[in-house]
Amino acid sequence: RIQLRSAAVTWRPTAPAVATQDSTVPVVLFWGNSLLFDHGWQDPNFVAVNCAQQGMTAADALPRTTQLPTLPADAILIAFGSVELARSKAPTPAMFMEDVAAIVALLRSRHPNARIWLSGVPSTSSSPSEWHYTSTQALLFNTVLQEITGAEYMDLSDVLTRDVSDPHNYDGIHLS
């Protein structure tokens, strides 16, 4: 009988090395929580390898980062922080920064030429109640994300603060 470990990394497509081997467009690796997991990321301008998982925190992801598929990633998009803040016991900004910085360092060592992007923690008023962490909390986490070396920071709050009917998101937090 085969048992799957709960800490295993899954990815889409199932065989990313095969799916990306003859790519003529950039390969983008997605690593994070439902902010990245919830979207299919089908685009003719890049090949998406989505390893994000719903509910995953940076602390959860750190030991799993070494399990990410071996492939030539041109860019890596990382999104953590919203799940941490939505939980009743969020890590301190310093603890969060330590985990994300370690993830970036691991990914940088495996993909020295890739552009690594850190998505800021969205702070919107139109999201469902379970995502109503305070803008102060989000600002603290975003401040430490901006200080991490080896990655570029991007703030998605402007896109996500639009009306929920906007095609960029479906609940004020998750990209569509």
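In case you missed it, the structure is sitting above this.
We now turn to the structure provided with this report.

Parameters at a glance
For every chain, the first residue of the written sequence is number 1, and numbering continues from 1 onward in sequence order. pLDDT decides what is reported in this predicted model: residues at 70 or higher carry local features, side-chain atom pairs at 80 or more are listed and counted, and totals for whole chains, interfaces and linings draw on all residues regardless. Only hydrogens and water are set aside; all other atoms, that is, all heavy atoms of the structure, feed into the side-chain values. Secondary structure counts use DSSP, requiring at least four H or I residues in a row for a helix and at least two E residues in a row for a strand, with both numbered from the N terminus. Partly exposed residues are those whose accessible area sits between 20% and 50% of the maximum for their type, while under 20% is buried and over 50% is exposed, using a 1.4 Å probe and protein chains only. Two residues qualify as a contact provided that any one of their heavy atoms is within 4.5 Å of a heavy atom in the partner residue. To be clear on the numbers: accessible area is Shrake-Rupley with a 1.4 Å probe, and residue cover counts the displayed protein chains and nothing else. An expected span of 1.5 Å times one less than the residue number is assigned to each helix. By arc we mean the arc of the directions from the helix axis to the C-beta atoms, nothing more. Each pair of strands is called paired provided DSSP finds at least two bridges between the two strands. Whenever a helix is involved, its axis is fitted only over the stretch in contact; in every case the axis is a line through C-alpha atoms, and angles between N-to-C directions fall within 0 to 180 degrees. Should the near helix be turned anticlockwise from the far one by less than a right angle, the crossing is left-handed, and should it be turned clockwise, the crossing is right-handed. Following the grouping adopted for this structure description, the nonpolar residues are Ala, Val, Leu, Ile, Met, Phe, Trp, Tyr, Cys and Pro, the charged ones are Asp, Glu, Lys and Arg, and the polar ones are all others, Gly among them. Here the aromatic set is Phe, Tyr and Trp, taking the six-membered ring for Trp, and pairing holds for ring centres within 6.5 Å; pairs whose planes are under 30 degrees apart are stacked, those over 60 apart are edge-to-face, and all others are tilted. Between N or O atoms, a polar contact is any pair within 3.5 Å; within protein, one atom must be a potential hydrogen donor and the other a potential acceptor, and residues adjacent in sequence are included only when both atoms are from side chains.

With that out of the way, let us pick up the overall build of the protein. Tallying secondary structure elements over the protein gives seven helices and five strands in all. The N-to-C order of helical and strand elements in the protein reads α-β-α-β-α-β-α-α-β-α-β-α. For the protein, buried positions account for 43% of its 176 residues. For the protein, the proportion of contacts with a sequence separation of at least 24, taken over those separated by at least 6, is 68%. Accessible surface, the protein: about 9,200 Å² in total, of which carbon and sulfur atoms supply 56%.

Our focus in this paragraph is helix α6 (residues 135–147). With 13 residues, α6 ought to run about 18 Å at 1.5 Å a step, and its terminal C-alpha atoms sit 18 Å apart, in line with that. Looking at α6, one finds that the buried residues are A138, F141, N142, V144 and L145. When α6 is viewed along its axis, its buried side chains cluster within an angular range of 160° and face the same direction. The exposed set on the far side of α6, more than 90 degrees from its buried face, consists of T136 and L139. On the buried face of α6, the contacting elements are α4 (82–86), α5 (93–110), β4 (115–119) and β5 (152–154).

Turning to the pairing of strand β3 (residues 75–79), a few remarks are in order. Buried residues dominate β3, accounting for five of its five residues. Judged from the five bridges that link them, strand β1 (residues 27–32) and β3 form a sheet pairing that is parallel. Among the inter-strand pairings, F30 is bridged to a residue of β3, identified as L77. Pairing between β3 and β4: four bridges, direction parallel. By the bridge assignment for β4, A75 is matched with R115.

Glancing now at the packing of α5 against α6. It is the contact of α5 with α6, at a shortest axis distance of 9 Å, that shows an interaxial angle of 35°. For α5 against α6, the interelement crossing comes out right-handed. Contact residues: α5 offers P93, F96, M97 and V100, while α6 offers L140, F141, V144, L145 and E147. Class assignment for the residues of the contact of α5 with α6 results in eight nonpolar, no polar and one charged.

Let us now look at the sheet that holds β5. In spatial order, the strands read β2-β1-β3-β4-β5; together these five strands make up an open sheet with parallel pairing. In this open sheet, the two edge strands, each paired with only one partner strand, are β2 (47–50) and β5. Direction aside, neighbouring strands of the sheet carry axes that sit 25° apart on average.

With that out of the way, let us pick up the environment of P91. Secondary-structure assignment places P91 in the loop between α4 and α5. When the C-alpha positions of P91 and T57 are compared, they lie 10.0 Å apart, and in sequence the two are 34 residues distant. Once you skip the residues sitting within four places of it in the chain, P91 turns out to touch E84, F96 and F141.

Further remarks concern the packing of aromatic side chains. Each aromatic ring pair is summarised here by two numbers: the centre-to-centre distance and the angle between the ring planes. Under the definition given, this model contains three aromatic pairs. For the ring pair F30 and F46, a centre distance of 6.4 Å and an interplane angle of 45° mean the geometry is tilted. With F30 in strand β1 and F46 in the loop between α2 (34–37) and β2, this pair connects stretches of sequence that are 16 residues apart. Centroid distance F96 to F141: 4.2 Å. Interplanar angle 15°. Geometry classified as stacked. Separated by 45 residues along the polypeptide, F96 in helix α5 and F141 in helix α6 bring together distant segments of the chain.

Among the structural elements, S82 can be located in helix α4. There is a polar contact of 3.2 Å between the side chain of S82 and the side chain of N33.

Looking along the chain, the bond that leaves R12 and enters P13 is cis, with omega of 5°. Among the secondary structure elements, P13 is positioned in the segment before α1 (16–20).

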